[in-house]
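Chain residues, written in single-letter form:
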Amino acid sequence: MLTMPVTVEIIGNGIRRADFQTVYNIFNQADRIFSTFRDDSEISRINRGEISIHQASPTLRYVLALAEATKKDTSGYFDIHRPDGLDPLGIVKGWMINEAAKELRRRGFKNFFIEVGGDIQADGLSEEGKKWQVGIRNPFNKEEIIKVVELSAFGIATSGTYERGRHIYNPKKDFDEANKIVSLTVIGSDVYEADRFATAAFAMGEKGIQFIEKLPDFEGYMINRNGVATLTTGWKKHEIH
């Protein structure tokens, strides 16, 4: 999980190395607990049947409860159950970034930017005194930025196939609606909310953007496999023209 690129930028006075370290400690702990790529993680041990969920750490049980709540909130389109066990990455990344943001706020910081693998929490203003700018990649050409949004006190998350290949599937149907889209970006009140709903909406396929449209205070930008973009009605309030 932590093989993903990580960026942490904090703006303000009295910044210490320990402030950055506390963020990385949160990420490292999440990796030890939730990474399905580590044989020694708790989730891997659960998937191998070595320990039960009841024997797992409070943090793991809490996040699994969040996953179940998200499954309910999305009418079953968010589901961490896989044929080979549990895979909570669709919620963990946003959750751990949000936890790091909470810690920075507790330390008194108001202006910061945290990114892990394209999921971002942007608070306050950048060093230039402006809202943080975030580029949306072209899913057919990773080197091209097709949209730029400005964010302050928002989270943004993208679900798509251009980084990890196909890893999100429609859990409710025998045929796969998710293969009809290649990218779906969601802006929400924080990165945890954006991440969980981006994953679920991607699994819905082309109707996922309608799901985001109906969520209060959320915006979305979807690109289908033919390169056609669909955006929610309020998306442009974040976009740089």
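In this report, the structure presented in the accompanying data block is examined.

Here is what the cut-offs are and how they apply
- Residues numbered from 1 in each chain as written.
- Predicted model: local features only at pLDDT ≥ 70, side-chain atom pairs only at ≥ 80, totals over all residues.
- Heavy atoms only, no water.
- Axes fitted to C-alpha atoms, helices over the stretch in contact; angles between N-to-C directions.
- Helix = DSSP H or I, 4+ residues; strand = E, 2+ residues; numbered from the N terminus.
- Parallel < 35°, antiparallel > 145°, perpendicular 65-115°, else oblique.
- Contact = heavy atoms within 4.5 Å.
- Nonpolar A, V, L, I, M, F, W, Y, C, P; charged D, E, K, R; others polar.
- Expected span 1.5 Å × (residues − 1).
- Buried < 20%, exposed > 50% of the residue type's maximum accessible area, 1.4 Å probe, protein only.
- Arc of directions from axis to C-beta.
- Left-handed = near helix turned anticlockwise from the far one by under 90°.

### With respect to the packing of helix H1 (residues 17-34) against helix H3 (residues 58-73)
Point 1. Direction vectors running N to C along H1 and H3 enclose 80°, while the axes themselves pass 10 Å from each other. Put simply, H1 runs roughly perpendicular to H3. Together, Gln-29, Ile-33 and Phe-34 of H1 and Thr-59, Leu-60 and Val-63 of H3 make up the contact between the two elements.
Point 2. For the contact of H1 with H3, the per-class residue count stands at four nonpolar, two polar and no charged.

### A word on H3
Point 1. The first and last C-alpha atoms of H3 sit 22 Å apart over 16 residues, in line with the 22 Å expected at 1.5 Å per residue.
Point 2. Inspection of H3 places Leu-60, Val-63, Leu-64, Leu-66, Ala-67 and Thr-70 among the buried residues, and these make up the whole buried set. An end-on view of H3 places all buried positions within 155° of arc, on one side of the element. With respect to the buried face of H3, the exposed residues turned more than 90 degrees away are Pro-58 and Lys-72.
Point 3. Ser-75 sits one or two residues past H3 and shows a positive phi near 55°.

### A few points about H1
The α-helix winds at 3.6 residues per turn, so residues separated by three or four positions along the chain end up facing the same way.
Point 1. Along its 18 residues, H1 runs 26 Å from first to last C-alpha, staying within 8% of the 26 Å computed at 1.5 Å per residue.
Point 2. Every buried residue belonging to H1 is among Asp-19, Thr-22, Val-23, Ile-26, Phe-27, Ala-30, Asp-31, Ile-33 and Phe-34, and all of these are buried.

### Points about unusual backbone geometry
Point 1. At Ala-153, a residue that is not glycine, the phi angle is positive and equals roughly 65°.
Point 2. By the element assignment, Ala-153 lies in the loop between strand S7 (141-151) and strand S8 (154-160).
Point 3. For Asp-217, which is not glycine, the phi dihedral falls at a positive 70°.
Point 4. As for its position among the elements, Asp-217 is in the loop between helix H6 (208-214) and strand S10 (219-224).
Point 5. Overall, the relative accessible area of 67% leaves Asp-217 in the exposed class.

### Observations concerning the packing of H3 against helix H4 (residues 89-106)
Point 1. Relative to each other, H3 and H4 sit at 115°, their axes nearing to 10 Å. Taken as a pair, H3 and H4 cross one another with a handedness that is right-handed. Contacts between H3 and H4 involve Thr-59, Tyr-62, Val-63, Leu-66, Ala-67 and Thr-70 on the former and, on the latter, Ile-91, Val-92 and Trp-95.
Point 2. Grouping the amino acids of the contact of H3 with H4 by side-chain chemistry returns seven nonpolar, two polar and no charged.

This is a description of form; function is not addressed.
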